[in-house]
Amino acid sequence: MCSTDTWLSDRKKRQLQKKDVEIQRRIELIQDFEMPTVCTSIKVSRDGQFILAAGTYKPRIRCYDTYQLSLKFERCLDSDVVAFDILSDDYSKLVFLHCDRHVEFHSQHGHYYKTRIPKFGRDFSYHYPSCDLYFVGASSEVFRLNLEQGRFLNSLQTDAVENNVCDINPIHHLFATGSSEGRVECWDPRVRNRVGKLDCALSSLAEGTEVQALPSISALKFNSSLTVAVGTTTGQVLLYDLRSSQPLLVKDHLYNLPINSLNFHNQLDLVVSSDSKIIKIWNKDTGKLFSSIQPQTNINGVCVYPNSGMLFTANEDPKMNTFYIPALGPAPRWCSFLDNLTEELEENPESTVYDDYKFVTRKDLENLGLTHLIGSSLLRAYMHGFFMDIRLYHKVKGMVNPFAYEEYRKDKIRQKIEEARTQRVQVKKLPKVNKELALKLMEEGDDEAEVVSRKKKGKALPSILGDDRFKVMFENSDYQVDEQSEEFRLLNPIVSKVGQKRKKKLRLLAQQAVPEDNDEEPEGRASSEEESSDDDKSWVEEVREQRRLLRQEDRDRRRQERKDKTSQPQFYQIKAGEEFRSFNDMAHKQKLQKTSLEERLKLEEHSETSGTADTAVGSKQLTFTLKKSEQQKKQQQAEREHHEERKKLRRSAGHLSSIRGRGRGWGGRGRGRH
């Protein structure tokens, strides 16, 4: 539900309602169901007739009568309400805990009594058997106020520094309080002794979780006699059995925000938990998400109307939201007409906002010539494309292809004629598109039908030709298979071999269906494994042959392109100041310009030509030397000195005589002589 502007007058709102279709579709269950600025908490009386909400500014309490669907009364208060509770079945007995430590009691006529507690309070619970109010807050003590005697009783001393929330079990009246250290302490009001303690902070942390602060308890709710739900400030909900110190289930909201309310939906075994961003409804046994609601504004609290599928939310907004989920339960008795409305909405689905827009990709924009609109307000980026107005799309489409409507009209007429022809006597003929594929499928279908007919119990598989999902492939020319494409030529050997194997298998099945006297294979026949290996080798060879042919065709195509280029006359531009010698000289110069400086120097040294360039103004010669580093100079000088030193030490070996035919290791006397 979305609200209109608050500064509009009632007359303006009625006028706007006549014009705006969205406002006309809106259902306002309760008149003026809102607060001046913010609603902090909301509750329903036990009889289901009254809805009470606390908000600001100025601090006030509002009571709505569901039988009249309107506001019953409004009372302003002295300070903001931290928490409130309804002690009676209707609105006649109310208790308010204020932010200034005051506790205020209201009766049916209005303000009744006000008292003060020693410390700032954060939450309280009412114990019906003893008429005691238990207050928790910025203290380790739990203050008890007895309404029958009208005085404070001895406090309960807890081990916590501060307590945030508390609750009392509706069956056995066990009192529990949640502390800022992440612990839950349980007390027995009959003997005023602590009977148990749960350490929820460590149980809420999974392995590998980075801890910035110790999780505190932010919400607490009992269900039945043994189940309790605990919400932490880090966004986890823990379900405990009071007989065990380990949680049965840990549900993470994944927003790292404090859980501010917990409710149970016992009809479907669901838990309704909320933080300031989202409301999650999930199964209490498995943790599986049932539904989730994410309002536009932050959530302060959630109230579930008893035995129904309706939720009320207190928001950081003047409007208090009302959500009805038919899957949770029926509508309350005072708005039973909602069930009929939801059935009508299911029968007549409303058009979505995307019906007036067309989704186009970047390629579609290029085809339409609208790439210059990217980044403007006419295109809304979404995923891998854009949303554009459907009217603009049709207008541009008509300008780009003005004969599109005529083609569409002819296709529709052709389809109508073909549909009328189907009523005549059917003659088996090939379609106009993909005739070869259709013929192949027909042959395979006949083989399968023959095999099935030979079997006693067998059902023929449906053919692609008779399947409506694939009929466009044999009607639209855009799906024509290009047999000359590279992809088809590479895949065709594999597909053909698979088809041959399939035919062989069908033949084997047909032979098995016919009873034979001799089950042995005839001599000289290859086994199926040898045939499959030969088939694998054959299709691999065919694929290689196709690859070779494709490469050969590519080379021939390139050679033809080069030949076409050389057959055309080539024009050379003679720059100013240059002399024309010959076409070969010009081509040689162009070739030298593409080579590197090192290669040009090597060519000049090999041809023993000087770097002289003849121009109209004279001859120019370019000489240069590469500058060497100091290290290179020192290394060359050391090498020269080393060579000079070796030359001085060289001795002549002319006085040594060698004996021909004797190799290394032979002595002067010959081998084997002494």
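Residues numbered from 1 in each chain as written. Predicted model: local features only at pLDDT ≥ 70, side-chain atom pairs only at ≥ 80, totals over all residues. Heavy atoms only, no water.

K.L.:
So what about the packing of aromatic side chains? Which residues, and what values?
P.N.:
The tally for this structure, following the rule as stated, stands at 13 aromatic pairs. Note on Phe33 and Tyr64: the rings are 5.0 Å apart at their centroids and 65° apart in plane angle, and the pair reads as edge-to-face. One end of the pair, Phe33, is in the loop between α2 (21-25) and β1 (38-44); the other, Tyr64, is in strand β3 (residues 60-65), with 31 residues separating them in the sequence. A residue is classified by how much of its surface remains accessible, and Phe33, at 4% relative accessible area, is buried. Judged by relative accessible area, Tyr64 falls into the buried class, the value being 0%. Between Phe50 and Tyr91, the ring centres sit 4.9 Å apart and the planes meet at 75°, which makes this aromatic pair edge-to-face. (Phe/Tyr/Trp six-rings, centres within 6.5 Å; stacked < 30°, edge-to-face > 60°. Helix = DSSP H or I, 4+ residues; strand = E, 2+ residues; numbered from the N terminus. Buried < 20%, exposed > 50% of the residue type's maximum accessible area, 1.4 Å probe, protein only.)

K.L.:
Could you give me a rundown of the sheet that holds β3, with the residues and numbers involved?
P.N.:
Strand order across the open sheet formed by four strands is β1-β2-β3-β4, with antiparallel pairing between neighbours. Bordering the open sheet on either side are β1 and β4 (70-76), each of which pairs with just one other strand. When strand polarity is set aside, the average angle formed by the axes of neighbouring strands in this sheet is 20°. Direction of pairing for strand β2 (residues 50-56) relative to β3: antiparallel, over a ladder of six bridges. By the bridge assignment, Ala54 is partnered in β3 with Ile61. (Pairing = 2+ DSSP bridges. Axes fitted to C-alpha atoms, helices over the stretch in contact; angles between N-to-C directions.)

K.L.:
Now, about the sheet that holds strand β26 (residues 310-315): what can you tell me, with residues and values included?
P.N.:
If you trace the three strands from one edge of the open sheet to the other, you get β25-β26-β27, paired in antiparallel fashion. Each edge of the open sheet is held by one strand with a lone partner, namely β25 (299-304) and β27 (321-324). If you compare each strand with its neighbour and ignore which way they point, the axes differ by 25° on average. Examined bridge by bridge, β26 and β27 share four bridges and lie antiparallel to one another. Directly across from Phe312, in β27, lies its bridge partner Thr322.

K.L.:
Lay out unusual backbone geometry with the relevant residues and their values.
P.N.:
Each neighbour pair has its own omega, and for Thr56 with Tyr57 the value is 0°, a cis peptide bond. Topologically, Tyr57 is positioned in the loop between β2 and β3. Cis geometry is found at the peptide bond from Tyr57 to Lys58, where omega equals 5°. Backbone geometry places His173, a non-glycine residue, at a positive phi of 60°. Within the chain, Asn307 stands out as a residue other than glycine whose phi angle is a positive 55°. Summarising the element assignment, Asn307 is placed in the loop between β25 and β26.

K.L.:
Break down the pattern of salt bridges for me, citing the residues and quoting the values.
P.N.:
This model, assessed by the stated rule, comprises 14 salt bridges. Residue Arg60 is joined to Glu74 by a salt bridge in which the shortest nitrogen-to-oxygen separation is 2.3 Å. Linking Arg60 in strand β3 with Glu74 in strand β4, this pair joins segments that are 14 residues apart in sequence. By relative accessible area, which is 32% here, Glu74 ends up partly exposed. Residues joined in a network through salt bridges with shared partners are Asp159, Glu185, Arg194 and Lys197. (Salt bridge = Lys/Arg side-chain N within 4 Å of Asp/Glu carboxyl O.)

K.L.:
Got a sec to walk through a negative patch on the surface? Specific residues and values, please.
P.N.:
On the surface, a cluster of negative charge is made up of Glu436, Asp482, Glu483, Glu486 and Glu487. Within the secondary structure, Glu487 sits in helix α9 (residues 486-513). Classification of Glu487 by relative accessible area gives exposed; the value is 55%. (Patch = residues over 30% accessible without salt bridge, like charges linked within 9 Å, V, L, I, M, F, W, Y side chains within 5 Å. Areas by Shrake-Rupley, 256 points an atom, 1.4 Å probe, with all protein chains shown as cover. Lys, Arg positive; Asp, Glu negative; His and termini not counted. Charge placed at Lys NZ, Arg CZ, Asp CG, Glu CD.)

K.L.:
Could you give an account of the pairing of strand β18 (residues 227-232), naming the residues involved and the relevant values?
P.N.:
Burial analysis of β18 places six of its six residues in the buried class, the great majority of the element. What you see with β18 is no split at all: Thr227, Ala229 and Gly231 on one side and Val228, Val230 and Thr232 on the other are buried throughout. Strand direction decides the pairing type here: strand β17 (residues 217-223) and β18, joined by six bridges, are antiparallel. Bridge pairing in β18 places Phe222 opposite Val228. What sits between the antiparallel neighbours β17 and β18 is a turn of three residues, in which Ser224 has the positive phi angle 55°. By the bridge criterion, five bridges tie β18 to strand β19 (residues 236-241) in an arrangement that is antiparallel. Note that in β19 the partner of Ala229 across the bridge is Leu239.

K.L.:
Let's hear about the confidence of the model for the protein chain: which residues, and what values?
P.N.:
Of the residues in the protein chain, 71% reach a pLDDT of 70 or more, and the chain-wide mean stands at 78. In this model residues 1-6 is a low-confidence stretch, pLDDT under 50, and it forms 13 contacts with partners more than four residues away in sequence or in other chains. Below pLDDT 50 for its whole length, residues 516-530 participates in four contacts with residues either more than four positions away or in separate chains. (pLDDT = per-residue confidence, 0-100. Contact = heavy atoms within 4.5 Å.)

K.L.:
Outline the nonpolar core, supporting the account with residue identities and numerical values.
P.N.:
Ranked by internal contacts, the top residues of the largest apolar core, which has 21 residues, are Phe33, Ile42, Ile51, Met310 and Phe312. Those elements that provide at least two residues to this core are β1, β2 and β26. Ranked by size, the runner-up nonpolar core spans 14 residues in total, among them Val184, Cys186, Leu238 and Tyr240. (Core = buried A, V, L, I, M, F, W, Y, C linked by side-chain atoms within 4.5 Å.)

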